[in-house]
Amino acid sequence: MRTALVIGTGLIGTSAALALAQRGVLVHLEDHDPGQARTAAALGAGTDEAPEGPVDLAVVAAPPAHVAAVLADAMRRGVARGYLDVASVKGGPRRELEALGLDLSAYIGTHPMSGREKSGPLAATGDLFEGRPWVLTPTRDTDTEVLNLALELVSHCRALPVVMDADAHDRAVALVSHMPHLVSSLVAARLENAEEAAVRLCGQGIRDVTRIAASDPRMWIDILSANPGPVADLLTDVSADLEETVRALRALQSSDEAKRRDGVDGIEDVLRRGNAGQVRVPGKHGAAPRAYEVVAVFIDDQPGQLARIFADAGRAGVNIEDVRIEHATGQQAGLVQLMVEPKSAAVLSAALTERGWAIRQ
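Residues numbered from 1 in each chain as written. Predicted model: local features only at pLDDT ≥ 70, side-chain atom pairs only at ≥ 80, totals over all residues. Heavy atoms only, no water.

Caption draft 1: The arrangement of the packing of aromatic side chains in detail. If you walk through the whole model with that rule in mind, you get one aromatic pair. Their ring planes at 55° and their centres at 5.0 Å tell us that Phe 129 and Trp 134 sit as a pair that is tilted. For the pair Phe 129 and Trp 134, a shared accessibility class is recorded, and that class is buried. (Phe/Tyr/Trp six-rings, centres within 6.5 Å; stacked < 30°, edge-to-face > 60°. Buried < 20%, exposed > 50% of the residue type's maximum accessible area, 1.4 Å probe, protein only.)

Caption draft 2: A look at the pattern of salt bridges. For the structure on display, the rule yields 19 salt bridges. We note a salt bridge from Asp 73 to Arg 77, for which the minimum N-O separation is 3.0 Å. Of this pair, Asp 73 and Arg 77 both sit in helix α3 (residues 64-77), four residues apart, which is roughly one turn of the helix. With relative accessibility at 39%, the residue Asp 73 sits in the partly exposed group. Each of Glu 30, Asp 73 and Arg 77 takes part in salt bridges that share partners, so that together they form one network. (Salt bridge = Lys/Arg side-chain N within 4 Å of Asp/Glu carboxyl O. Helix = DSSP H or I, 4+ residues; strand = E, 2+ residues; numbered from the N terminus.)

Caption draft 3: Local environment of the pairing of strand β6 (residues 133-137). The buried count for β6 comes to four of five residues, which makes it a mostly enclosed element. Bridge analysis of strand β5 (residues 107-112) against β6 gives four bridges, and the strand direction is antiparallel. Looking across to β6, one finds that His 111 is bridged to Val 135. Of the pairings in the sheet, the one linking β6 to strand β7 (residues 160-163) comprises four bridges and is parallel in character. (Pairing = 2+ DSSP bridges.)

Caption draft 4: The arrangement of a nonpolar patch on the surface in detail. Together, Leu 249, Leu 252 and Val 264 give the surface a local cluster of nonpolar side chains, amounting to about 240 Å² of exposed area. Positionally, Val 264 belongs in helix α11 (residues 257-278). (Patch = residues over 30% accessible without salt bridge, like charges linked within 9 Å, V, L, I, M, F, W, Y side chains within 5 Å. Areas by Shrake-Rupley, 256 points an atom, 1.4 Å probe, with all protein chains shown as cover.)

These results come straight from atomic positions and should not be treated as a statement about function.
Okay, structure coming up:
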């Protein structure tokens, strides 16, 4: 691939354009808002000048509700040899294109499983997709050259190609992305009118659960409008679990011992099913999840603290597998949780203690 046209210079489009430009592809940028395309160009994502002729690949990064129309326009203009979109829903746009009577041999639906809470070109990074799954949904009509162009794009973005049926993809993202976003928003909505004293007690748990609720509502309305059925089906199941959990909690309030035991059984069931589901979430680099040991270190909220900890861990020959930070309420301090292999925990604790770090036992 030598040339590409990215249509839509938001977070995903600009990030893909940055990755392509960094690998020597001449990228042209197009957006319904010319100012946004100019911003992406200024970031090094390509040029906002129109290509002189057809490019190798057109990447449509429009919201799901507009993908089919933007693709149809690009295909009718003949702007590229191959076309793909990066929308988070795949079945609907393809059916819309089929209804328009377009030749879809030059088209393949794709979806990079990566993003951020922020949107727009200024939030884009060239490594946004690195190590992340990138779903491809070819059909029997998809031309081999177009599939190869899509695979080349995924390679340039350093993502991991995953081939799926379009409708299976839509059911999958409803489960692992769309439904969790709504549940996160429902939990975060409880905080809107909560007492300030309660909100000040927020810790890492509530931050983890509500992090994705910070995303742009307009973007999510577009996404959910394109995949409402599978998401509604999943929320129906969640609703049934919630009703049963509420019933179990009410039973725990009873003075009747049998009812309380029934309540305990109900709560234990949902917690154990949660355990069973959570361990199926892929771990580091998509491998099976692994159990790490936590070394917790107290730090001051000052520049260079994390760099010092990582440097000291490196000197001790210990690899940090993951890290979390809990900020102390009302204090310029926090607790860094370093996840390491169990056999390395004692070594790291001793090394950090020797270098003056305060370890929480």
